[in-house]
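Letter by letter, the chains look like this.
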Amino acid sequence: MFEPTERPRVFGLPPGADFSEALIAGLLRRMVGTPPEALARVRIIVNTRRMQRHLTDRLSEGSPRLLPRIQTLEDLGAPRPASSGFRRELELARLVRAYLKAVPTGMPSSAAVDLAQSLSRLADEMIGEGVNADAIRSLDVSEHAEHWQQSLNFFNIVAPYLETTGDASPEAALRIAVEALVTKWSVAPPKAPVLIAGSTGSRGTTAALMRAVAKLPQGAVIVPGFDFTAPETAWENLTASEEDHPQHRLASLIRDLGLSAADIGLWHDTWGSGARNRLISLALRPAPVTDQWLREGPSLGDLRSATRDMALLEAPSKRDEAEGIALAMKRGHVDQIRVALVSPDRDLTRRVTAALDRWGLQPDDSAGIPLNRSPPGRFLLMSLDLLTATPGAADLIALLKHPLTASGGDRGPHLLHTRRFELWLREGRGTYDVGGSLATWRDEEPEDRNAWANWLLGCLAQALPRSGDFTLYLSRHMESAQALAKGPDISGGAGGLWDEAAGETAKVTLANLSDAATSGGYVDVATYQATILSVLEGAEVRASSGATPGLMIWGTLEARVQSADLVILGGLNDGVWPPLPDPDPWLNRNMRRQAGLLSPERRIGLSAHDFQQSVAARQVLITRAVRDGEAETVPSRWLNRLTNLLGGLPDQGGDAALREMRDRGRYWLRVAGAIANDLDPVAPANRPAPRPPAAARPRSLSVTRVQELIRDPYAIYGRYVLRLRPLNPLTGTPDAPLRGTLIHTIMERLITAWPDAPDDQHRLFLEIMEDELSRSLDAPATARHWRAGLLAVADKVLADERQRRREGTPVGIETPGEMTFPEVTFRLTGKADRLDRLNTGGLAIYDYKTGNLPTPKVVRHFDRQLELEGLIAEQRGFGETLSGPVERLGHISLSRGADTTTYGRDPAADSRFDLVRTRAEFLELMSRYLDPEQGFASRRAVETLRYTYGYDHLARYGEWDESADPVPEDVGD
């Protein structure tokens, strides 16, 4: 294949070239005139499985031929059991837990999982870069912070383990295989051609193999994205300190081989935009030599031709960015061209996938989705939550509604029972003990619910102990998950848990973890949870079919050796391209440099090389979001360099080229806006004011609902005419209504058992408070907060109570009452918080308030509760012994910063009430709402516009606003 030479043989392909196609074309051209079996003797080593499959498929097309031997780097190493990686990380986690227990670091034991993974990655990196443990041990950390010395101390402890088990990792297997090959080839080099293609030598092991292949008599290295346009001076400036440059690794490779850039041959004369490559090459020169922009910029020629097929989309938000990308991909699908989105931002790629789904398009995503985001992954995590903590009602119902739960048979009965149990819980009949609530619900109709409830109670009974053997945890977790997936049907197997691609991936992953489980040791629940989450996050699910041809989503690794007609570079913001460096808890930047490990700058250089290759495609769309959430983003440093260079070369049309790039990018935003605006407009809903017939209108209300009738009549319509009640939340929250109920109960008990001595009063208040907090509240943090609030007002509350007792005597606590209005045939009911018989013989009616007190204006026009209770009292509605003239109404404040407000009947009082007027106004109000012509308008006079009320969704609030007039509409028969 090659002419003999004494020099290492290195070829390159320029950025923008279709690497795989050019590799095949160059190979077949060199095989012209050779016998058919010669191609079969060629050995090609590539860097990804995808490229291996693509080369095999392309070479299999057309005329029959013998195929070369195509391998990946992984194929060179001896195969290792899939469980070996899990075993290593579990054993490292045991060592880290022991260290965290012995050395006070403040970290929980569950942190050992992440630390073990990072330590395992460090060990692999050391193997790949040929760095032994002695290089780490000899680091001088005297000038660093103390915690780096602690990290080094621990590393010295685990170093013997890493050295004795290092060959268990794939990286070590590859290193051993490469060293064996290099040794073998040095003695007996192969006579057949050996090619290594697509790698840049970014890792030490790969670089060693590339150097060895390049020196073989019939060996060659074909590197991607080689910058043939850069002058020799630019290559000479790529010193060891310029690791963030895209060509740095290639410069190091050819320097190690004793070559110069001029010695790199073009593997195949393929397409490559020379003008574009020269522009990008100059833009990405190392920072110390950017003065070359001034000297070489004018020689670039017309920059509009170099950027003619480039577009720059700068979207207002990530959502708009995803919409623009999706539209560009859809247009490519319509035009029947290959479109590839290249981005390391997985959030962006998921958004694009969701946007494409509206047109029934599904891109071929090379990265797949993490297993923990798939249905079986989520199910496994939810079932684990059921075992590791006292389950809440909301968590349990969410698990029961998961599509994999009870998927082993007919899910109809399961969903029916789930719905009935949920409604029962929402009626407020359950307790914090979900298992006890389930048993109570079952016993109400055991013959109908018995089997289903017993199955679920059996699953709930499998709770894991707070600590135990990892193997026990895993087996019980799997048994419980399969029982939940199977359902009550004893023949359900594991339901659909292990079905389809995601289920198969989950089954294999957990089987491999099970093989290594004995290395997990004795763990606590939090550590086991962290381990399972880490395992599921690390596994990827790839759909085997269903992708739309021609639409691809690639990671940067896959994009290195593949091409498309339109390449979209998404997420060009700093922190994404290049990504933020992963935090390293073991070695800082300087320690890594001293040890000879990868630096953050080298990773940036690799990312820059990916950018340089992709941006040189035939058609390119560069996208970024100007804002991400509430924060403004920073453009990628490479995009900044490109736009700055273009903007600084107006004589070559650079500023005009940049404007045109942005105009072409804005086109996709305009299309997205046009599509949104082209949708049929939705007519705003009417502001409802239903008018039910007189017979359907309520003939009885409580005094607390009268204010609701005044402010939001539609709520009365929903509650009493439609007889709809808002469902309670599944999980009772310690909210304001609960706090109000608790404080009312405290005051009721305090007043009933009021002692004479002040010290006894204070002691009784504290005893009742503690008893009610412990009985009514299962939230320790909230209990402490409420306790502090009650203690802060205790003295004021007790002092006010003493004053009230000097003026009268409590005669009624939480007293129900009612009265009728024969003029309109209406009944008014109510419950008075407190009735006092004053020393003058009259009555005082008090209402406890735990929040802000209503102002006199609110009391006059809206909050008529106390006045209406006064009417009931004067009509003997609370009983004969609690009747009489009402002399005082009052709101008793039970919160800080507010004093009790009282209203008197005396015309000379500052704040007075008039029950005669109250009765007349109430009759007028009810006469209006008992009239069939009166509508129940929604949000007639709500106190706060921003507040959402219970029946707003039924009234379609949001499709109209308060500026719209109510539209009366007859409803019912």
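Residue numbering note: each chain is counted from 1, following its sequence as written. Selection of residues for local features in this predicted model requires a pLDDT of at least 70, selection of side-chain atom pairs for listing and counting requires 80 or more, and totals for whole chains, interfaces and linings are taken over all residues. As a rule here, side-chain values cover all heavy atoms of the structure and leave hydrogens and water aside.

*Asks:* Outline the overall build of the chain, supporting the account with residue identities and numerical values.
*Replies:* Helix and strand counts for the chain stand at 38 helices and 26 strands. Relative to its length of 973 residues, the chain is extended, with a C-alpha radius of gyration of 38 Å against a globular reference of 30 Å. Seen along its three principal axes, the alpha-carbon backbone of the chain occupies a region of about 120 × 65 × 65 Å. Within the chain, the fraction of its 973 residues that count as buried is 50%. Contacts spanning at least 24 positions in sequence make up 76% of the contacts within the chain whose residues lie at least 6 apart. Going along the chain from the N terminus, every DSSP run of H or I of four or more residues is numbered as a helix, and every run of E of two or more is numbered as a strand. Just to be clear, the radius of gyration here is over C-alpha atoms, and the globule rule we use is 2.2 Å times residues to the power 0.38. Only protein chains enter the accessibility calculation, which uses a 1.4 Å probe; a residue whose area is less than 20% of its type maximum is buried, one above 50% is exposed, and one in between is partly exposed. Any two residues whose heavy atoms approach within 4.5 Å are treated as being in contact.

*Asks:* I'd like to hear about the pattern of salt bridges, residue by residue, with values.
*Replies:* Any carboxyl oxygen of Asp or Glu within 4 Å of a side-chain nitrogen of Lys or Arg constitutes a salt bridge here. All told, the structure shown has 61 salt bridges when counted by the stated rule. D364 is paired through a salt bridge with R50; the nearest N and O atoms lie 3.8 Å apart. Note that D364 is positioned in strand β9 (residues 364-365) and R50 in helix α3 (residues 49-60), a separation of 314 residues in sequence. Of the residues examined, D364 reaches a relative accessible area of 29% and is grouped as partly exposed. Among the ionic pairs, D134 bridges to R137, the shortest N-O distance being 2.7 Å. With a gap of 3 residues between them, D134 and R137 both fall in helix α7 (residues 133-137), about one helical turn apart. Accessibility expressed as a relative area gives 31% for R137, which makes it partly exposed.

*Asks:* Account for the sheet that holds strand β2 (residues 43-46), naming residues and giving values.
*Replies:* Pairing between two strands is assigned when DSSP locates at least 2 bridges connecting them. Read across the sheet, 6 strands follow the order β3-β2-β4-β5-β1-β6 without closing on themselves; strand pairing throughout is parallel. The strands lining the two open edges of the sheet, one partner per strand, are β3 (69-72) and β6 (265-266). Running at roughly 130 degrees to strand β5 (residues 219-223), helix α10 (residues 204-214) makes contact with β1 (10-12), β2, β4 (194-197) and β5 of the sheet. Working convention: axes come from line fits to C-alpha atoms, limited for helices to the stretch in contact. Angles between N-to-C directions cover 0 to 180 degrees.

*Asks:* Break down the nonpolar core for me, citing the residues and quoting the values.
*Replies:* The nonpolar core is taken to be a set of buried Ala, Val, Leu, Ile, Met, Phe, Trp, Tyr and Cys residues, with the residues joined through side-chain atoms within 4.5 Å. Counting 54 residues, the largest nonpolar core has L513 and Y528 as its most contacted members. It is helix α23 (residues 470-486) that contributes the most residues to this core, 7 residues altogether. Those residues in contact with Y528 that lie beyond four places of it in its chain are L384, L464, F470, Y473, L474, H477 and V523.

*Asks:* Summarise the packing of aromatic side chains; cite the residues concerned and give the values.
*Replies:* In this analysis, rings of Phe, Tyr and Trp, with Trp reduced to its six-membered ring, are considered paired at centre separations within 6.5 Å, and the interplanar angle assigns stacked below 30 degrees, edge-to-face beyond 60, and tilted for intermediate values. Tallied over the entire structure, the rule returns 22 aromatic pairs. Considering the side-chain rings of F11 and W267, the 5.2 Å spacing of their centres and the 75 degrees angle between planes classify their relative orientation as edge-to-face. Taken as a pair, F11 in strand β1 and W267 in the loop between β6 and α13 (274-283) lie far apart in primary sequence, 256 residues in all. Of the two residues, F11 and W267, neither departs from the other in class, the shared state being buried. Judged by centre distance (6.2 Å) and plane angle (20 degrees), the rings of F421 and W424 are stacked. Residue F421 and its partner W424 are located together in helix α20 (residues 411-429), separated by 3 residues, close to a single helical turn. For the pair formed by F421 and W424, the shared burial category is buried. What links up through ring pairs into an aromatic cluster is the set F421, W424, W441, W452 and W455. Over the face of the ring belonging to W267 we find R30, whose NZ or CZ atom lies 3.8 Å from the ring centre. For a Lys NZ or an Arg CZ to count as sitting over a ring, it must be within 6 Å of the ring centre and within 35 degrees of the ring normal. Note that R711 overlies the ring of F862, its terminal NZ or CZ placed 3.9 Å from the centroid.

*Asks:* Outline the pairing of β2, listing residues and values.
*Replies:* A regular strand carries its side chains on alternate faces of the sheet. Both faces of β2 are covered, namely the face carrying R43 and I45 and the face carrying I44 and V46. Pairing between β2 and β3: 4 bridges, direction parallel. Bridge pairing in β3 links V46 to T72. Classification remark: right-handed applies to a crossover when, strands pointing away from the viewer, the course from the first strand over the helix to the second runs clockwise. Once the chain exits β2 it traverses α3 before rejoining the sheet at β3, and the crossover so formed is right-handed. Looking at chain direction, β2 and β4 are connected through 3 bridges and run parallel. Looking across to β4, one finds that R43 is bridged to V194.

*Asks:* Summarise helix α16 (residues 318-334); cite the residues concerned and give the values.
*Replies:* In an α-helix there are 3.6 residues to a turn, and that puts residues three or four apart on one side. Multiplying 1.5 Å by the residue count of a helix minus one yields the expected span of that helix. For α16, with 17 residues, the first-to-last C-alpha span of 24 Å sits near the 24 Å given by 1.5 Å per residue. The set of residues buried in α16 consists of K318, E321, A322, E323, G324, I325, A326, L327, A328, M329 and G332. Within two residues after α16, Q336 carries a phi angle of roughly 60 degrees, on the positive side.

*Asks:* Now, about the sheet that holds strand β16 (residues 619-625): what can you tell me, with residues and values included?
*Replies:* Taken together, the 6 strands give an open sheet; going across it, the order is β7-β16-β15-β8-β14-β9, and neighbouring strands pair in parallel fashion. Looking along the sheet, the strands with just one partner apiece sit at the ends: β7 (310-315) and β9. Inspection of the sheet shows strand β8 (residues 339-342) paired to strand β15 (residues 566-569) by 4 bridges, in the parallel sense. Counterpart to A340 in the pairing with β15 is V567. Along the sheet, α16 contacts β7, β8, β14 (551-554), β15 and β16; its crossing angle with β16, the most-contacted strand, is approximately 160 degrees.

*Asks:* Outline the pairing of strand β19 (residues 687-691), supporting the account with residue identities and numerical values.
*Replies:* Counting buried positions along β19 yields 5 of 5 residues, so the element is predominantly enclosed. Judged by which residues are buried, β19 turns out to be covered on both faces: R687, A689 and R691 on one side and P688 and P690 on the other are all buried.

*Asks:* Account for helix α34 (residues 758-776), with residues named and values stated.
*Replies:* Between the first and last C-alpha of α34 there are 27 Å, a value that for 19 residues agrees with the 27 Å anticipated at 1.5 Å per step. Every buried residue belonging to α34 is among Q761, L764, F765, I768, M769, E772 and L773, and all of these are buried. Looking down the long axis of α34, one finds its buried residues gathered within 160 degrees of arc, a one-sided arrangement. Seen from the open side of α34, the exposed residues pointing more than 90 degrees away from its buried face are D759 and S774. Throughout, the arc means that of the directions going from the helix axis to the C-beta atoms.

*Asks:* Can you tell me about the environment of D140, naming the residues and giving the values?
*Replies:* By the secondary structure assignment, D140 is in the loop between α7 and α8 (146-165). Owing to a relative accessible area of 48%, D140 belongs among the partly exposed residues under this scheme. In this structure the C-alpha to C-alpha distance between D140 and M591, which are 451 residues apart in sequence, comes to 8.1 Å.

*Asks:* So what about the confidence of the model for the chain? Which residues, and what values?
*Replies:* Confidence of the predictor in every single residue is expressed as pLDDT, which spans 0 to 100. Looking at the chain as a whole, the pLDDT averages 88, with 97% of positions reaching at least 70. Taking the mean pLDDT of every element in the chain, the minimum, 76, falls on α8 and the maximum, 96, on strand β20 (residues 700-702).

*Asks:* Report on the packing of α16 against helix α17 (residues 346-357), specifying residues and quantitative values.
*Replies:* Relative orientation of the contacting elements α16 and α17 amounts to 55 degrees, with a least axis distance of 8 Å. What the angle tells us is that α16 and α17 run oblique. Crossing of α16 over α17 shows right-handed handedness. For the pair α16 and α17, the contacting residues are K318, R319, E321, A322, E323, I325, A326, M329 and K330 in the first and D347, L348, R351, V352, A355 and L356 in the second. Orientation labels follow simple angle bins: below 35 degrees gives roughly parallel, above 145 gives roughly antiparallel, 65 to 115 gives roughly perpendicular, and whatever is left gives oblique. Left-handed describes a crossing whose near helix is turned anticlockwise from the far helix by less than a right angle; the clockwise case is right-handed.

*Asks:* Mind laying out a nonpolar patch on the surface, listing which residues take part and the relevant values?
*Replies:* A surface patch of nonpolar side chains, amounting to about 220 Å² of accessible area, comprises L722, L724 and L954. Relative to the helices and strands, L954 resides in the loop between α38 (915-929) and β26 (966-970). Two distance rules govern patches: like charges are joined within 9 Å, and nonpolar side chains (Val, Leu, Ile, Met, Phe, Trp, Tyr) within 5 Å, applied only to residues with over 30% relative accessible area and no salt bridge. Shrake-Rupley sampling with a 1.4 Å probe provides the accessible areas, and residues are treated as covered by the protein chains on show and by no other component.

*Asks:* Tell me about unusual backbone geometry, and please be specific about residues and values.
*Replies:* Each neighbour pair has its own omega, and for W577 with P578 the value is -5 degrees, a cis peptide bond. Positionally, P578 belongs in the loop between β15 and α27 (589-595). Even without being glycine, R723 reaches a positive phi, approximately 60 degrees. In this fold, R723 is placed in the loop between α32 (713-721) and α33 (736-752).

*Asks:* Residues and numbers for the environment of D524, please.
*Replies:* With respect to the helices and strands, the residue D524 is situated in strand β12 (residues 522-524). Residues D524 and L464, 60 residues apart in the sequence, show an inter-C-alpha distance of 9.6 Å. Residue contacts for D524: discarding those within four places in its chain leaves S109, R466, S467 and Y473.

*Asks:* How would you sum up the side chain of Q52? Please name residues and give values.
*Replies:* Mapped onto the secondary structure, Q52 falls in helix α3. Since its relative accessible area comes to 14%, Q52 is described here as buried.

*Asks:* Quick rundown of the environment of A328? Include the residues and the values.
*Replies:* Note on placement: A328 falls in helix α16. Taking the C-alpha atoms as reference points, A328 and L621, separated by 293 residues in sequence, lie 8.7 Å from one another. Residues contacting A328, with those up to four places away along its chain left out, are L566, I568, L621 and W668.

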